[in-house]
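# Topology and contacts: notes
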Amino acid sequence: MTQTIAITGATGQLGRLVVEQLKTRVPAGHIVALVRTPSKAADLGVAAREADYSRPETLPAALAGVDTLLLISSSEVGQRASQHRAVIDAAKAAGVGRIVYTSLLRADTSTLSLAAEHVQTEAMLRESGIAHTLLRNSWYIENHTVSAKGAVSAGAFIGSAGNGLISGATRADYAAAAVAVLTGTGHDGQTYELAGDVAYTLADLAAEISRQSGRDIPYKDLPPADYAAALASFGLPGWLAGALAEWDFEITKGVLHEDGRALSRLIGRPTTPLATAVAQALG
Ligand SMILES: NC(=O)c1ccc[n+]([C@@H]2O[C@H](COP(=O)([O-])OP(=O)(O)OC[C@H]3O[C@@H](n4cnc5c(N)ncnc54)[C@H](OP(=O)(O)O)[C@@H]3O)[C@@H](O)[C@H]2O)c1
């Protein structure tokens, strides 16, 4: 019997890719999109239920009858531990059998400030007694390629990651891994450190942007304070500019380098190359 699979954050960028790929593997009638704003889910092609992490009263009805839940970590940094606690508590009360959670690469030892809420959520899952799988995702390549067009206009790609190696992968590849785990067996109790097969530096990324754009776009490494100031001058809120610069600088310490290849093993193919992600960003 096909089980009912629910996905939180289903109107987000990763969630949409999961739903799209899951529909090719499971009848749409067995997929439930859990979303903060149901009107944004009309195009998903599956049933949508309201599930707001910050409004726990929405969660019991949202999780009723769900066998397997993909808990996509909230984007509201700083509120995530309490939000995830609400979802896990509601899942337990609703009798959800299995939770798959999108965590952060080596969350338990990572020096990224983002790690703390993931560590807390992983502990909540252990304490819940619910069977679960941890998908510890490295960086999305798109975190950096989103700036590719701007770099071509500006004549340089700026950052604070030095020569740090980034084992990034596309959102679509992480979505494929989530679908493999949601539809497969033998994943309970597993922790997967998910990352791209081929690590790159921001200088490698700039070289690829140069190759594809036909313009010389060097990588210019900046002290984090200068990079944050540049991001703020582009209109980013100060806290976000500071956080992005801090996370970039952490890359110099190797926090996003991983060569275990668990992602390509899960999805049964090599991860999407950097060149493809750059082509998508410039296209
Ligand atoms: N590994 C990485 O490099 C990386 C980078 C960025 C983010 N992340 C993490 O991965 C997650 C998914 O990434 P993404 O690119 O899909 O992010 P995204 O496009 O920003 O999507 C975040 C999703 O979280 C939902 N959400 C936020 N607050 C919520 C709440 N109170 N109740 C219910 N849903 C809520 C959003 O709902 P709406 O659609 O209603 O806005 C959205 O669907 C992020 O939330 C973040 O935790 C990882």
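An account of the accompanying structure is given in this report. Since we're looking at a predicted model, the values are computed, not measured. (Residues numbered from 1 in each chain as written. Predicted model: local features only at pLDDT ≥ 70, side-chain atom pairs only at ≥ 80, totals over all residues. Heavy atoms only, no water.)

### Description of the sheet that holds strand 6 (residues 131–137)
Spatially, 7 strands are ordered 3-2-1-4-5-6-8 in an open sheet, and the strand pairing comes out parallel. Both outer strands of the open sheet, strand 3 (47–50) and strand 8 (191–194), are each paired with one neighbouring strand and no more. Between one strand and the next, the sheet's axes are offset by a mean angle of 20°, whatever the strand orientation. Sheet contacts for helix 1 (residues 13–22): strand 1 (5–8), strand 2 (31–35), strand 4 (68–71) and strand 5 (98–104); angle to strand 1, the most-contacted strand, approximately 160°. Of the strands in this sheet, strand 4 and strand 5 are in contact with helix 3 (residues 80–94), which crosses strand 4 at around 180°. (Pairing = 2+ DSSP bridges. Helix = DSSP H or I, 4+ residues; strand = E, 2+ residues; numbered from the N terminus. Axes fitted to C-alpha atoms, helices over the stretch in contact; angles between N-to-C directions. Contact = heavy atoms within 4.5 Å.)

### Comments concerning the environment of Asp 108
Relative to the assigned elements, Asp 108 resides in the loop between strand 5 and helix 4 (115–128). Separated by 12 residues in the primary sequence, Asp 108 and Gln 120 place their C-alpha atoms 9.6 Å from one another. Residues in contact with Asp 108, not counting those within four places in the same chain, are Val 119 and Arg 136. A distance of 3.2 Å separates polar atoms of two side chains, one belonging to Asp 108 and the other to Arg 136. (Polar contact = N/O pair within 3.5 Å; in protein donor to acceptor, adjacent residues only side chain to side chain.)

### A look at the pattern of salt bridges
Inspection of the entire model under this criterion finds 13 salt bridges. Across the salt bridge formed by Glu 76 and Arg 36, the nearest N and O atoms sit 3.1 Å from each other. With Glu 76 in the loop between strand 4 and helix 3 and Arg 36 in the loop between strand 2 and strand 3, this residue pair connects regions lying 40 residues apart in the sequence. We classify Arg 36 as partly exposed; its relative accessible area is 48%. Two residues, Arg 211 and Glu 208, come together in a salt bridge whose shortest N-O distance is 2.6 Å. In this pair, Arg 211 and Glu 208 both sit in helix 8 (residues 202–213), 3 residues apart, roughly one turn of the helix. The class for Arg 211 is exposed, based on a relative accessible area of 57%. Judged by its relative accessible area of 13%, Glu 208 falls in the buried class. When salt bridges with common partners are traced through the structure, they connect Asp 108, Glu 122, Arg 136 and Glu 193 into a single cluster. (Salt bridge = Lys/Arg side-chain N within 4 Å of Asp/Glu carboxyl O. Buried < 20%, exposed > 50% of the residue type's maximum accessible area, 1.4 Å probe, protein only.)

### A word on the packing of aromatic side chains
Enumeration over the complete set of coordinates arrives at 3 aromatic pairs. Summarising the aromatic geometry, the rings of Tyr 140 and Tyr 174 are spaced 5.7 Å apart at their centres and angled 50° between planes, so their arrangement reads as tilted. Separated by 34 residues along the polypeptide, Tyr 140 in the loop between strand 6 and helix 5 (142–145) and Tyr 174 in helix 7 (residues 171–183) bring together distant segments of the chain. For the ring pair Phe 157 and Tyr 219, a centre distance of 6.5 Å and an interplane angle of 45° mean the geometry is tilted. Highlighted residues: Phe 157 in strand 7 (residues 157–159) and Tyr 219 in strand 9 (residues 219–221), separated in sequence by 62 residues. Judged by its relative accessible area of 3%, Phe 157 falls in the buried class. (Phe/Tyr/Trp six-rings, centres within 6.5 Å; stacked < 30°, edge-to-face > 60°.)

### Quick look at unusual backbone geometry
Look at Arg 106: it is not a glycine, yet its phi comes out positive at around 45°. With respect to the helices and strands, the residue Arg 106 is situated in the loop between strand 5 and helix 4. On the basis of relative accessible area, Arg 106 is assigned to the partly exposed category, the value being 22%. Even without being glycine, Arg 261 reaches a positive phi, approximately 60°. In this fold, Arg 261 is placed in the loop between helix 10 (238–251) and helix 11 (262–267). On the accessibility criterion, Arg 261 (42% relative accessible area) is partly exposed.

### Topic: empty space enclosed by the protein
Using a probe with the size of a water molecule, rolled over the atoms, empty space left in the structure can be pinpointed. Overall, the coordinates contain 1 cavity of 30 Å³ or more when judged by the stated rule. Approximately 30 Å³ is the volume attributed to the largest cavity. Lining the largest cavity are Leu 14, Leu 70, Thr 102, Leu 135, Asn 137, Tyr 174, Ala 175 and Ala 178. For the lining of the largest cavity, the elements supplying multiple residues, two or more each, are strand 6 and helix 7. For the lining of the largest cavity, the element with the most residues is helix 7, which contributes 3 residues. Its residues assigned to classes, the lining of the largest cavity shows 6 nonpolar, 2 polar and no charged. (1 Å grid on protein atoms, 1.4 Å probe; cavity = no way out; pocket = protein on both sides within 12 Å on 5 of 7 lines; lining within 4 Å. Points joined across faces, edges and corners; volume = space filled by probe spheres on them. Nonpolar A, V, L, I, M, F, W, Y, C, P; charged D, E, K, R; others polar.)

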